[in-house]
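# A look at the structure
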Amino acid sequence: MFESFGRGFKMIMAAIKMGWQDKRLLFPAILTVFSNFFFAIMLFFEGKSRVAAAGHGIPAASAPAHGAAHSAAAHGAHHAAKLTPSPEGIQQFIGQTALNGQWDQSGMGALQQAASPDAVFAVVAILSLWWLTNRFLEGVTTALVYSHLTEGAGSGKFSTSCAAVFSSLPAIITLGLVTLIAKRIARFMRDKRGSGIFGMGVNFLSSIVEIFWTMAGHLILPAIVIEGTSFWGALKRSDRIGQGNLITIGVGEIGIDTINRVVLLLVAGGGMAGFSYAYVSHMSMASPLVVIGGCLWASTVIVVTAMSIYIRAAFFTCLYVWAIEAEALTEAERINHSMPAPLAAAMA
């Protein structure tokens, strides 16, 4: 385990050095962080507007689908009106929180009214666009890193990479659909497993499906972006790489995922500790110290999250580049052939 962490740190430092040489490699990952914020806020206001409309007796179908600003304004006006509660308002609130009322904790009422078909469609549309945006930016990172590794620092162009990924969108969408189906099947197998040896076998098989497809999915995306092939062509390419044992380095051998999670957890814990201290010390949230500390913490979260996204994409791109180079070599030649710089640093 410690050896895996050591390799992971070497890989991370080499990837950061590569990104420092060509800062354009980091740009898609930073955009991914901000797009995550954007879609999360959009999803929040979508759900909020639906539930608020159902709570006031408005049909869910007439609730605005993407009216974030309208929802925020209506919410503020509603709270302003509630500052001076009337007897009718109190009685209405009691009725809403009663058994099977609109805000009953059993889940009846407003939440069920909000879950109309058009609301589900809106949420699915937001989540699908969110996923596609992240995969698009991951593909741009893959293309830029590939150019850096094969043609030298500064060789990749952001516009060219975007155009290459955009032309591969049908294959990327197919990848997403197949990945969703594979994970659903694995989850179904795990949930429906029996007891005894048969149940253990089904659970093991479902875990193998999830692990294999997670690895395959990250190899298929570079094949789609780098070689411009279709999804099925990329799937065959990844299968050929796997059958030829061209990639002998597993994700577990370089523990970048674990390191990234630990760092993100430490950053999140540091922010919570700071705000907790400010709360216990009765510091005003508008005080300069709290505002500056909050801005620094938010900036740290953005940087660390972006770096983790970039490092993971760079890792799988390095694996694919190494597989392409190893495919043209014999087993004896592969021993003396140098890996891409980040992988070489990790495996040294």
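Placed above this text is the structure.
Overview of the structure. (Residues numbered from 1 in each chain as written. Predicted model: local features only at pLDDT ≥ 70, side-chain atom pairs only at ≥ 80, totals over all residues. Heavy atoms only, no water.)

### Here's the deal with unusual backbone geometry
Phi is positive for His 282, which is not a glycine, with a value near 60 degrees. Mapped onto the elements, His 282 comes out in the loop between helix 11 (256-280) and helix 12 (288-327). (Helix = DSSP H or I, 4+ residues; strand = E, 2+ residues; numbered from the N terminus.)

### Focus: the nonpolar core
Membership of the largest hydrophobic core comes to 47 residues, with the highest contact counts inside it found for Met 11, Phe 136, Tyr 310, Ile 311, Phe 315 and Leu 343. Ranked by residues supplied to this core, first place goes to helix 12 with 14 residues. (Core = buried A, V, L, I, M, F, W, Y, C linked by side-chain atoms within 4.5 Å. Buried < 20%, exposed > 50% of the residue type's maximum accessible area, 1.4 Å probe, protein only.)

### Section: the packing of helix 6 (residues 117-151) against helix 7 (residues 158-167)
Where helix 6 contacts helix 7, the two axes come as close as 9 Å, and the packing angle between them is 125 degrees. Judged on the interaxial angle alone, helix 7 and helix 6 are oblique. Here helix 6 runs over helix 7; the crossing is right-handed. Of the residues in helix 7, those touching helix 6 at Phe 136, Gly 139, Val 140, Ala 143 and Leu 144 are Phe 158, Ser 161, Cys 162, Val 165 and Phe 166. Classifying every residue of the contact of helix 6 with helix 7 gives eight nonpolar, two polar and no charged. (Axes fitted to C-alpha atoms, helices over the stretch in contact; angles between N-to-C directions. Parallel < 35°, antiparallel > 145°, perpendicular 65-115°, else oblique. Left-handed = near helix turned anticlockwise from the far one by under 90°. Contact = heavy atoms within 4.5 Å. Nonpolar A, V, L, I, M, F, W, Y, C, P; charged D, E, K, R; others polar.)

### With respect to the pattern of salt bridges
Counted by the stated rule, this structure contains two salt bridges. Of the charged contacts in the structure, one is a salt bridge between Asp 22 and Arg 24, with a shortest N-O distance of 3.2 Å. Exposure remark for Arg 24: the relative accessible area of 33% places this residue in the partly exposed category. We note a salt bridge from Glu 138 to Arg 135, for which the minimum N-O separation is 2.8 Å. In this pair, Glu 138 and Arg 135 both sit in helix 6, three residues apart, roughly one turn of the helix. Accessibility expressed as a relative area gives 22% for Arg 135, which makes it partly exposed. (Salt bridge = Lys/Arg side-chain N within 4 Å of Asp/Glu carboxyl O.)

### A look at the environment of Leu 137
Summarising the element assignment, Leu 137 is placed in helix 6. Along the sequence, Leu 137 and Ala 29 sit 108 residues apart, while their C-alpha atoms lie 7.0 Å from each other. Sequence-distant contacts of Leu 137, that is, excluding residues within four places in its chain, are made with Pro 28, Leu 31, Thr 32 and Ser 35.

### Quick notes on a nonpolar patch on the surface
Together, Ile 30, Phe 34, Phe 37 and Ile 41 make up an exposed nonpolar region whose accessible area comes to about 370 Å². Mapped onto the secondary structure, Phe 34 falls in helix 2 (residues 27-55). Residue classification places Phe 34 among the partly exposed residues on the basis of a relative accessible area of 45%. (Patch = residues over 30% accessible without salt bridge, like charges linked within 9 Å, V, L, I, M, F, W, Y side chains within 5 Å. Areas by Shrake-Rupley, 256 points an atom, 1.4 Å probe, with all protein chains shown as cover.)

### A look at helix 11
Residues spaced three or four apart along an α-helix point in a common direction, a consequence of the helix completing one turn every 3.6 residues. Over its 25 residues, helix 11 extends 36 Å from the first C-alpha to the last, a length consistent with the 36 Å expected when each residue adds 1.5 Å. Where helix 11 is concerned, the buried positions are Ile 256, Asp 257, Ile 259, Asn 260, Val 267, Gly 271 and Ala 278. One or two positions beyond helix 11, positive phi appears at His 282, with a value near 60 degrees. (Expected span 1.5 Å × (residues − 1).)

### Concerning the packing of aromatic side chains
For any pair of aromatic rings, the description consists of the separation of the ring centres together with the inter-plane angle of the planes. One pass over the structure, following the stated rule, counts eight aromatic pairs. Aromatic pair Phe 27 and Phe 158: ring centres 5.3 Å apart, planes at 70 degrees, arrangement edge-to-face. One end of the pair, Phe 27, is in helix 2; the other, Phe 158, is in helix 7, with 131 residues separating them in the sequence. When the centroid spacing of 4.7 Å and the interplanar angle of 75 degrees are considered together, the rings of Phe 231 and Trp 232 count as edge-to-face. Since its relative accessible area comes to 2%, Phe 231 is described here as buried. Directly above the aromatic system of Trp 20 lies the positively charged group of Lys 23, at a separation of 4.2 Å from the ring centroid. (Phe/Tyr/Trp six-rings, centres within 6.5 Å; stacked < 30°, edge-to-face > 60°. Lys NZ or Arg CZ within 6 Å of the ring centre and 35° of its normal.)

### A closer look at helix 6
Here helix 6 spans 50 Å end to end across 35 residues, near enough to the 51 Å set by a 1.5 Å rise per residue. Just downstream of helix 6, Gly 152 is the residue with a positive phi angle, here 110 degrees.

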